[in-house]
Each structure stands twice: as structure tokens, then as C-alpha cells.
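Architecture and fold: a report
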Amino acid sequence: MTLDHTHEVPGGAAWSAPVRAGRTITLTALADGANATMLIIGADRLDRLNIPDTLKSQMSARIKPGMVLMSDRGLALATVTASTLDWHDCLTGALPDQLLLLELTKHGFGEPDLHACINFFSKVSVADDPRASLTYVTDHAHTGDTVTLRADQDLLIFLSTASHALSDGPSASVAVRLETPDHTPDPELREEAIRALRLTRELIA
Amino acid sequence: MTITSTTSTTVALDTVVEAGDGALVTVPSGGRLQIVDLHGNQAVDTLFYDAHDIDNRYSAFDTIREQRAVFLTTGSRLVSTRLDELAVITDDTCGRHDTVGGACSQESNVIRYGEFTRHQHACRQTFLRYGAKAGIGQRQLTHNVNFFMNVPVTSSGGLTFEDGLSAPGKYVEITASRDLFVLISNCPQVNNPCNGWDPTPIQLLGRW
């Protein structure tokens, strides 16, 4: 029997965990302005979250519910099944983060694995000007906001709760909850996302 | 910046990269590399690595954050995951370039367009083939610049691939801030408008 796991990651910390296929990961902001930077690496320890592929396949410049997080090799890593927020930043990366790098190192990874990340709970707005200028949105996430991912294959997740790189505010704690539901139905998905899920289920999940 | 020889006009490199082919170019610190879109609307997928430490490599999203804007153009500093400046765009007759859209791969083509694209040629095949001699393998591949490619990102959070803004003879010039490996895939994609549905050759002109 798999037990649920809950953990509070304090602000300015980093954490990592293996997550088996089918489990769900729920992050909860424990203060206004929280940020949870996440890297994901797939079951084979090479196939990483690929933000450009995730965005262009689903015609989005943000992460929101109803998106599949795709890997370098076109497989589904996780599905965003629910969130109280419809915009999680994935365009502005993270500052060099020694604690996050240490978490990678614990699992045998390192600097070459610093692929693009998601900054859950953060929003950086895009202006309709010639260069698509960016502005950090200060009043986006609030205490209690959540996002839930369903692992679509065995994963390693890496989490940093450092403040967003463009935020002046303090870092905030984020709660993590891992659960093992019998079945988590697919949210409404684009056909590209459905193809990624089907291939993943055919090949490895 | 450590640019030392921007006044040099010696043409050290002058080559045409055919449609769908690639190149690995070593550009010394201060060297200027011009990429010329010979026939217009041709995406040129490009990666940058510190030639003495390939783990110090281009970071698309750190570059975007540091300049507080999505599109690249003259003045854009191309930074690494360590936030070192690898290169600067010092001239640009096209106007803007993408670094959000990444490179096509056989696997992402299948997801986007369907199983019939599985064995079409793709940029990440080219990256792996030309990167090998510099030690650049799958782990070292990262999210690239797409010179001449038009990927509008909107205030509502949308993203699309559109017809290019480029035209025959438009060029971009990159000046190296340190010794660099520049890994290029002249994109073979035929399933979206990024190459005007018709991949064409580009010219590389290096002065150092």
C-alpha cells in the first residue's frame, strides 16, 4: 500500500523526489507571492521536461490546467489536471540556484541538466509591443492557491522555493502533497497532448 | 564584455549551409559571425557554447528574463545558465528573432503533426550529428535561438508559429564575447510556415 506524503518546503529551499506514474503532486502556496520552480526528468534519467515543445504543441506561452508537460523525446511527463491559477510562468527561467543544483547532484545530475523550468504560482505578463516586453505581476498567487500534476510516467521532480527572479518579495513556503488515486481522468486536452499521452502509455507508462 | 578585435575585417569563414544541413563553427572571442537568410523566411536554429567549457551554454529563458523581453534583436545579450555573456547581437536587418520555440525533432513532429512525420529530417538530428565532435550530446542540447523565425507571443498568453518577417538577403550578426562553439541547424521543417514551407540555403560569414 502506498501512503500519501506531505511535506512543507520552506521559502528559499530546494527539494526533490521520485514520483511514480499515476501519482498526483499537489503544490499549495502557503503565502502570497509564492514561487515553486520545477524541473522534471523522466524515467530513463535523460529525457527532460522540454518547455518549447510543451508550448508550441499546445499553442500556449504559459502553463495552465489542461496541458501535458512534454519531454525532449515527445512523451508525456505529467498532466496539469487542476489549478486555481490559469497562468504559471515558464518564460523567464530561474537565477543560478546552488540548492537546486545540489538536488540535481544528489541524483547524479548536474549543470547540463539545467533545462528550462516552470515557475509555478508566478506570472510574468507579456506586452503587445514590438519586443513582447515582460513585467513581473506582483499580485498573482495568494495563500491557498494550488496546482495539481498527474505523473504520466515515473519521474524525478526537482523543486526550488527561491523567490521568482523578477520578484522583490520574500520567498514563501510551498506545501507538497503526493497521493495515489485509483484513477485521475484526463482533463480536456488538445489533440497533440492526447497523442503524447497515448505514445507514453504505449511505450513506457 | 571581452571583445578585442571588432575592427578586424578579415573574412575567416564564408560558406553556404544547404537547406536541412548544419554546421559547427568555432568563433573566437571578438569574432563576428553573420548569418544571411539568402532566400528569405528560413529559420536558422542556433546554439552557443563556451568553447572551453560546454556546460556553460546558452540559456534561452535566462536571456529572455535578463532583457525583460521575448524577442531577440540588436543589443540582445545571449547569456548562459551561469549568466555569463556568450555573445551579443550586434546587427540585425530582420528585426526580431525567436528563442521560445525551440528546435524541431522527429519526436515533437509526431506530436504536432502526426505519425507520418516520424522519419522526416529534423533540427535535433542535425544538432546531434554536428555537435558530436565538440562533445555535445543529448544532455548538452538546450533550447536554441531561431534566427529569422516569427513566433508571436501575446498578452493573453498565446503562442503561434507564423510566416517569417525575413526576406532574401536579411542578416543577423553575432559578436562572440568569449571563444564559442556555434552549432547551427538550417531547419528542414516542412510542416509549418517557419521556413515558408520551403527550406532554403543560408550563408555564414565570419570575420576575425
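Each remark here, short or long, concerns the structure printed above.
Summary of the structure given here. Note that the structure is a prediction, hence the values are computed from the model and not measured. (Residues numbered from 1 in each chain as written. Chains lettered and ligands numbered in written order. Predicted model: local features only at pLDDT ≥ 70, side-chain atom pairs only at ≥ 80, totals over all residues. Heavy atoms only, no water.)

Before going further, it helps to spend a moment on the overall build of chain B. Secondary structure summary: chain B contains three helices and eleven strands in total. Each helix and strand of chain B, ordered N terminal to C terminal, gives the series β-β-β-β-β-α-β-β-α-α-β-β-β-β. For chain B, the C-alpha radius of gyration of 16 Å lies close to 17 Å, the compact-globule estimate for 208 residues. Seen through its C-alpha atoms, chain B measures out along the principal axes to roughly 50 × 40 × 35 Å. (Helix = DSSP H or I, 4+ residues; strand = E, 2+ residues; numbered from the N terminus. Rg over C-alpha atoms; globule rule 2.2 N^0.38 Å.)

Moving on: the nonpolar core. Counting 102 residues, the largest nonpolar core has L27(A), F120(A), F121(A), I35(B), F48(B), F147(B) and L204(B) as its most contacted members. Excluding residues within four positions of it along the chain, L27(A) makes contact with A36(A), M38(A), F120(A), F121(A), D145(A), T146(A), V147(A), L159(A), V174(A), A175(A) and V176(A). Grouped together as the second largest cluster of nonpolar side chains are eleven residues, L75(A), A76(A), L197(A) and I111(B) included. (Core = buried A, V, L, I, M, F, W, Y, C linked by side-chain atoms within 4.5 Å. Buried < 20%, exposed > 50% of the residue type's maximum accessible area, 1.4 Å probe, protein only. Contact = heavy atoms within 4.5 Å.)

It is worth spelling out the sheet that holds strand β11 (residues 155-160) of chain A at this point. All names here are of chain A. Pairing is antiparallel across the open sheet formed by four strands, whose spatial order is β2-β11-β4-β7. Sheet topology places β2 (14-19) and β7 (118-120) at the edges, where each strand pairs with a single neighbour. Neighbour to neighbour, the strand axes of the sheet diverge by 25° on average, direction disregarded. Pairing of strand β4 (residues 36-41) with β7, which is carried by three bridges, proceeds in the antiparallel orientation. (Pairing = 2+ DSSP bridges. Axes fitted to C-alpha atoms, helices over the stretch in contact; angles between N-to-C directions.)

Right, let's get into the pairing of strand β9 (residues 170-176) of chain B. Residues and elements named next belong to chain B. A large share of β9 lies buried, amounting to five of its seven residues. One ladder, built from six bridges, connects strand β3 (residues 32-37) with β9; its direction is antiparallel. Bridge pairing links Q34 to E173 in β9. Note: strand β7 (residues 85-92) against β9, five bridges, orientation antiparallel.

For the rest of this paragraph, the subject is the side chain of N191(B). All names here are of chain B. Here N191 shows up in the loop between β10 (180-186) and β11 (202-207). Polar contacts involving the side chain of N191 include one to the side chain of Q120, which spans 2.8 Å. A distance of 2.8 Å separates the side chain of N191 from the side chain of Q189, its partner in a polar contact. (Polar contact = N/O pair within 3.5 Å; in protein donor to acceptor, adjacent residues only side chain to side chain.)

All right, on to the environment of G33(A) then. Note that G33(A) resides in the loop between β3 (24-29) and β4. With residues up to four places along the chain from it excluded, the contact list for G33(A) reads Y136(A) and A141(A).

Residues and elements named next belong to chain B. Burial analysis of β7 places six of its eight residues in the buried class, which makes it a mostly covered element. Two strands pair when backbone bridges link them, and strand β6 (residues 77-79) and β7 are joined in this way by three bridges, in the antiparallel orientation. Looking at β7, one finds that V79 is bridged to E85. The turn joining β6 and β7, which pair antiparallel and follow one another in sequence, is formed by five residues; a positive phi near 70° is taken by L83.

Tallying the contact residues gives 48 residues for chain B and 46 residues for chain A. In total, about 4000 Å² of surface goes out of reach between chain B and chain A, with carbon and sulfur atoms giving 56% of it. Three residues, R65(B), I111(B) and R139(B), lead the burial of chain B against chain A; their summed loss comes to 19% of the area buried on that side. At the boundary of chain B and chain A, one finds three salt bridges. (Buried area = accessible area lost by both parts, 1.4 Å probe. Salt bridge = Lys/Arg side-chain N within 4 Å of Asp/Glu carboxyl O.)

This part takes up the packing of aromatic side chains. Scanning the entire structure with this criterion turns up two aromatic pairs over all chains. With a centroid separation of 6.0 Å and 90° between ring planes, the pair formed by F109(A) and F158(A) is classed as edge-to-face. Pair noted here: F109(A) is in the loop between α2 (98-106) and β7 and F158(A) is in strand β11, with a separation of 49 residues, a long-range link. Aromatic side chains F48(B) and Y58(B) sit 6.0 Å apart centroid to centroid with 65° between the ring planes, which places their arrangement in the edge-to-face category. (Phe/Tyr/Trp six-rings, centres within 6.5 Å; stacked < 30°, edge-to-face > 60°.)

This part takes up the environment of A141(A). Residues and elements named next belong to chain A. Summarising the element assignment, A141 is placed in the loop between β9 (134-136) and β10 (146-151). What makes A141 buried here is its relative accessible area of 3%. When near neighbours in sequence (up to four residues on either side) are disregarded, A141 contacts D32, G33, A34, L85 and F121.

The next subject is the sheet that holds β11(B). Residue and element names in this part refer to chain B. One open sheet holds the six strands; their spatial order is β1-β11-β3-β9-β7-β6, and the pairing between them is antiparallel. Strands at the two margins of the open sheet, each flanked by one partner only, are β1 (11-17) and β6. Recorded for the sheet is a direction-independent mean angle of 20° between the axes of neighbouring strands. With six bridges joining them, β1 and β11 adopt antiparallel strand pairing.

Moving on, we come to unusual backbone geometry. Residues and elements named next belong to chain A. Its identity as a non-glycine residue notwithstanding, F121 has a phi of 80°, on the positive side. Mapped onto the fold, F121 is located in the loop between β7 and β8 (124-126). Residue classification places F121 among the buried residues on the basis of a relative accessible area of 1%. For A132, which is not glycine, the phi torsion reads 55° and is therefore positive. Along the polypeptide, A132 turns up in the loop between β8 and β9.

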